[in-house]
Amino acid sequence: SQRPITEHYMSSYDIENDAANLYEQTLDIFREAFWNLYQPGCDEHLTAKLIRESDDYLPQYSLVALNHEKKVLGCILYTKSRIEYEDHMVPMVTFGPVAA
C-alpha cells in the first residue's frame, strides 16, 4: 500500500527559520515565482530584500522550506505592521511575500 500523498509531501522537505546563508536562494525563489506573472519582470524579490533590511523584519517567524539537499523550495517573510484609525493604533504582524 502507498503512503497518502500528504504524508509523502510532509516527509519531502524541512521547515526552518529564515537565515542569512539562504538569502540568495530565497531571492531566486521569489524571482522565479513572480517573473512575468502580473507584469513584465517582477519586483517581489526586491521587496523581500527591503523587508530583510528593515527594523520591522521578524526573522524568528519567517520560514523557509528546504529539500533534503538544503535547496530552498519556498519562503514566507513576516514583518511588524500596524493599523491606524483616528487616534488608535493596533500593532500587528504581516506576512508576505510568499513564494514556492
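Above: the structure in question.
Everything numeric in this text was worked out from a predicted model, so none of it was measured. (Residues numbered from 1 in each chain as written. Predicted model: local features only at pLDDT ≥ 70, side-chain atom pairs only at ≥ 80, totals over all residues. Heavy atoms only, no water.)

Trainee: Would you take a moment to explain the overall build of the protein chain for this structure?
Mentor: Along the protein chain, the regular secondary structure elements total three helices and four strands. Scanning the protein chain from its N terminus toward the C terminus, one meets helices and strands in the order α-β-α-α-β-β-β. The 100 residues of the protein chain split such that 29% are buried. Accessible surface for the protein chain amounts to roughly 7300 Å². Of this, 56% is attributable to carbon and sulfur atoms. (Helix = DSSP H or I, 4+ residues; strand = E, 2+ residues; numbered from the N terminus. Buried < 20%, exposed > 50% of the residue type's maximum accessible area, 1.4 Å probe, protein only. Areas by Shrake-Rupley, 256 points an atom, 1.4 Å probe, with all protein chains shown as cover.)

Trainee: Help me understand a nonpolar patch on the surface in this model?
Mentor: Together, Ile83, Val90 and Met92 give the surface a local cluster of nonpolar side chains, amounting to about 250 Å² of exposed area. Tracing the chain through its elements places Met92 in strand 4 (residues 88–99). (Patch = residues over 30% accessible without salt bridge, like charges linked within 9 Å, V, L, I, M, F, W, Y side chains within 5 Å. Salt bridge = Lys/Arg side-chain N within 4 Å of Asp/Glu carboxyl O.)

Trainee: Sorry if this is basic, but what is going on with the pairing of strand 2 (residues 63–66) here?
Mentor: As a general feature of sheets, a regular strand has side chains that alternate between the two faces. Across four bridges, strand 1 (residues 14–17) lies against strand 2 in antiparallel orientation. When the bridges of strand 2 are listed, Asn17 appears paired with Leu63. As consecutive antiparallel partners, strand 2 and strand 3 (residues 72–85) are separated by five residues, and within that stretch Lys70 has a phi angle of approximately 70°, a positive value. (Pairing = 2+ DSSP bridges.)

These figures come from the coordinates and say nothing about function on their own.
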